[in-house]
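Here is what each chain is made of, one letter per residue.
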Amino acid sequence: MEKRLFCLFITITFIISCSYQKQDYDKLIEVDSLLSQEKVDSALYLIEHFNLGNANGETSAYYHLLLAQARYKAYLPIKSDSIINLAIEYYKSRNNSDKLARCYYYKGGMLYDLGDNKEALDNCKLSENLLKSSDNYTLKHNVYYLLSTINNYYNEYKIALSYAQKALECSEHTQNEYHLVCDYERLFFLYNTLGYKDSCLYYVGKSIKLVNSMPANPPSLRANYWGNLGVAYSSIDSEKAEEFLEKSISLAPQDNVYGQLADISLKKGDTLKAKKLLLEGLSISESLRFKAQITKLLGRIEQESGNY
């Protein structure tokens, strides 16, 4: 009799434990759904208040993936990739290619933010290889876009362009307007860099129509967008370029945008306005390289004005 009761107790305990684990996993699925809908603040709150407790391997791995993803999408400072590594080890052991690809993408993004571009590139390539036959177009877009960003950093503009085109193909499939405007922006920037003015202006026109699809927070997102538009227009239409650059600094002042505006003013012969803009850029800059360039340019302006 006692043996039967003990077995019954073990069975009930097991059923209750499984029930709690299912409830926990369902909560994580809810967080994942919120992230896919770009409801990042709600997802971050839920995942940071999730009680991991004695969760099993699958729940623990999913938790660490979503925690890393939520923090990354919320633009929180990244100190290390240790959280996502816990998820990677589990999904590698289970051959879960979809979640493993997602892990490698977010690890790549974190490493890029930490300045480790080579490791970021390696992890993005791992994600790309796992997604070759996948129909997860949103994740594929993100991987291609980050690969374009990293190759652009290394001045590999043609490779960056090919990945930007792949990213756009994914966005056209999903019709995600935010992704579309990001892809148009990347394409007009790269075409401008490579000297293809017609292609540049084609994507400028498409991107302007979707500017309101870009998140208003953080303000630097739209500021960078308008700044890049200004750079693209600087050699085509200085008035339009000035308009876009001024929109950029009205959202989030950046030293390089002040520099671009000053350059336009110098070309117009407005030295006083150029000096004012350069000094404003200098006052907010945290880049020693930029400060050196601006100081040198200010010195040249004063020399040309006879103020030795």
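Analysis parameters
Residues numbered from 1 in each chain as written. Predicted model: local features only at pLDDT ≥ 70, side-chain atom pairs only at ≥ 80, totals over all residues. Heavy atoms only, no water. Phe/Tyr/Trp six-rings, centres within 6.5 Å; stacked < 30°, edge-to-face > 60°. Helix = DSSP H or I, 4+ residues; strand = E, 2+ residues; numbered from the N terminus. Buried < 20%, exposed > 50% of the residue type's maximum accessible area, 1.4 Å probe, protein only. Salt bridge = Lys/Arg side-chain N within 4 Å of Asp/Glu carboxyl O. Axes fitted to C-alpha atoms, helices over the stretch in contact; angles between N-to-C directions. Parallel < 35°, antiparallel > 145°, perpendicular 65-115°, else oblique. Left-handed = near helix turned anticlockwise from the far one by under 90°. Contact = heavy atoms within 4.5 Å. Nonpolar A, V, L, I, M, F, W, Y, C, P; charged D, E, K, R; others polar.

S.K.: I'd like a rundown of the packing of aromatic side chains, residues and numbers included.
M.R.: Per the stated rule, a full pass over the model turns up 13 aromatic pairs. For the ring pair Tyr-72 and Tyr-106, a centre distance of 5.5 Å and an interplane angle of 80 degrees mean the geometry is edge-to-face. In this pair, Tyr-72 sits in helix H3 (residues 57-73) while Tyr-106 sits in helix H5 (residues 97-113), placing the two residues 34 residues apart along the sequence. Relative accessible area serves as the criterion here: at 5%, Tyr-106 is assigned to the buried category. Taken together, the ring pairs in this structure connect Tyr-184, Tyr-191, Tyr-196, Tyr-202 and Tyr-203 into an aromatic cluster.

S.K.: Residues and numbers for the pattern of salt bridges, please.
M.R.: The tally for this structure, following the rule as stated, stands at 16 salt bridges. Between Glu-239 and Lys-268 there is a salt bridge, with the nearest N and O atoms lying 3.1 Å from each other. With Glu-239 in helix H12 (residues 238-251) and Lys-268 in helix H13 (residues 255-268), the pair connects residues that are 29 residues apart, well separated along the chain.

S.K.: Can you explain unusual backbone geometry? Please cite residues and give values.
M.R.: With a phi close to 60 degrees, Glu-38 is a non-glycine residue in the positive phi region. Along the polypeptide, Glu-38 turns up in the loop between helix H1 (2-36) and helix H2 (40-48). Positive phi values are uncommon outside glycine, yet Gln-175 reaches one of about 60 degrees. Structurally, Gln-175 can be placed in the loop between helix H8 (157-174) and helix H9 (177-194).

S.K.: Explain the packing of helix H14 (residues 271-284) against helix H15 (residues 288-304) to me, and be specific about the residues and the numbers.
M.R.: Packing of H14 against H15 leaves a shortest axis separation of 10 Å and a crossing angle of 155 degrees. Between H14 and H15, the angle falls in the class roughly antiparallel. For the crossing formed where H14 meets H15, the hand is left-handed. Within the contact between the two elements, H14 uses Thr-271, Lys-275, Leu-278, Leu-279, Gly-281 and Leu-282 and H15 uses Phe-290, Lys-291, Ile-294, Thr-295, Leu-297, Leu-298, Ile-301 and Glu-302. The class makeup of the residues in the contact of H14 with H15 is eight nonpolar, three polar and three charged.

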